[in-house]
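Working through the structure, step by step
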Amino acid sequence: MNIALIAHDGKKNDMVALASAFKPLLERSTLLATGTTGGRLQAECGLTVERLLSGPMGGDLQIGARLAMGAVDVVIFLRDPMTPQPHEPDINALVRACDVHDIPCATNVASARLLLTQLSALTL
Ligand SMILES: O=C(CO)COP(=O)(O)O
């Protein structure tokens, strides 16, 4: 299972908490992440993560490209709806790519928990 993990700055603590809670699942998955998110997951959760570029530098687009090529099964993208992002078009492109390719994409903690809970049961 290839899981992409992305969080805006205001949601990075939530992502670390989420990843810690679902560490057994994430440890048996292949993880990729945007740069800063991936760094936090490595340093604070001890997870092995392929880090791509930071979001504002094109990381969302890199994940979208991988997804379009069939290399991403699930996206957890904790967006911050209260803070304008300089790379809003890239963010929209990634979420659109999920819809185009019918890839599950959780954009808040509650939906991420549901998705990861289901995946944990499926991949035991
Ligand atoms: O900006 C992001 C997603 O749009 C996340 O990028 P970072 O993980 O590099 O902060």
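Residues numbered from 1 in each chain as written. Predicted model: local features only at pLDDT ≥ 70, side-chain atom pairs only at ≥ 80, totals over all residues. Heavy atoms only, no water.

1. A closer look at the overall build of the protein
Along its length, the protein carries six helices and five strands. Order of helices (α) and strands (β) in the protein, N terminus to C terminus: β-α-α-β-α-β-α-β-α-β-α. Looking at the protein as a whole, 46% of its 124 residues qualify as buried. Pairs at least 24 residues apart make up 71% of the contacts formed inside the protein by residues separated by at least 6 positions. Accessible surface, the protein: about 6200 Å² in total, of which carbon and sulfur atoms supply 55%. (Helix = DSSP H or I, 4+ residues; strand = E, 2+ residues; numbered from the N terminus. Buried < 20%, exposed > 50% of the residue type's maximum accessible area, 1.4 Å probe, protein only. Contact = heavy atoms within 4.5 Å. Areas by Shrake-Rupley, 256 points an atom, 1.4 Å probe, with all protein chains shown as cover.)

2. A few points about the pattern of salt bridges
The tally for this structure, following the rule as stated, stands at four salt bridges. Asp 9 is paired through a salt bridge with Lys 12; the nearest N and O atoms lie 2.7 Å apart. With a relative accessible area of 65%, Asp 9 lands in the exposed category. Overall, Lys 12 belongs to the buried group, its relative accessible area being 8%. For Arg 40, the salt bridge is made with Glu 44, and the minimal N-O distance between the two is 2.5 Å. (Salt bridge = Lys/Arg side-chain N within 4 Å of Asp/Glu carboxyl O.)

3. A short note on the site of the ligand
The local shell around the ligand holds 16 residues, among which Lys 12, Thr 34, Thr 37, Ser 54 and Asp 60 are the closest. One of the side-chain nitrogen or oxygen atoms of Thr 37 is found 2.5 Å away from an oxygen atom of the ligand. Within the contact set of the ligand, an oxygen atom lies 2.8 Å away from a side-chain nitrogen or oxygen of His 87. When isolated, the ligand has an accessible area of 300 Å², and the protein chains bury 97% of it. Elements represented by at least two residues in the shell around the ligand include exactly β1 (2–7) and α3 (35–45). Ranked by residues supplied to the shell around the ligand, first place goes to α3 with three residues. Grouping the amino acids of the shell around the ligand by side-chain chemistry returns five nonpolar, eight polar and three charged. (Near = heavy atom within 4 Å. Polar contact = N/O pair within 3.5 Å; in protein donor to acceptor, adjacent residues only side chain to side chain. Nonpolar A, V, L, I, M, F, W, Y, C, P; charged D, E, K, R; others polar.)

4. Some thoughts on the UniProt feature "active site" (unreviewed entry) in the protein
In this numbering, the UniProt entry assigns the feature "active site" (unreviewed entry) to Asp 60. Residue position: Asp 60 is located in helix α4 (residues 59–68). If we ignore the near neighbours within four places in the chain, the residues touching Asp 60 are Ile 6, Thr 34, Gly 55, Phe 77, His 87, Asp 90, Ile 91 and Leu 94. (UniProt positions renumbered as here; feature names shortened; annotations may be inferred.)

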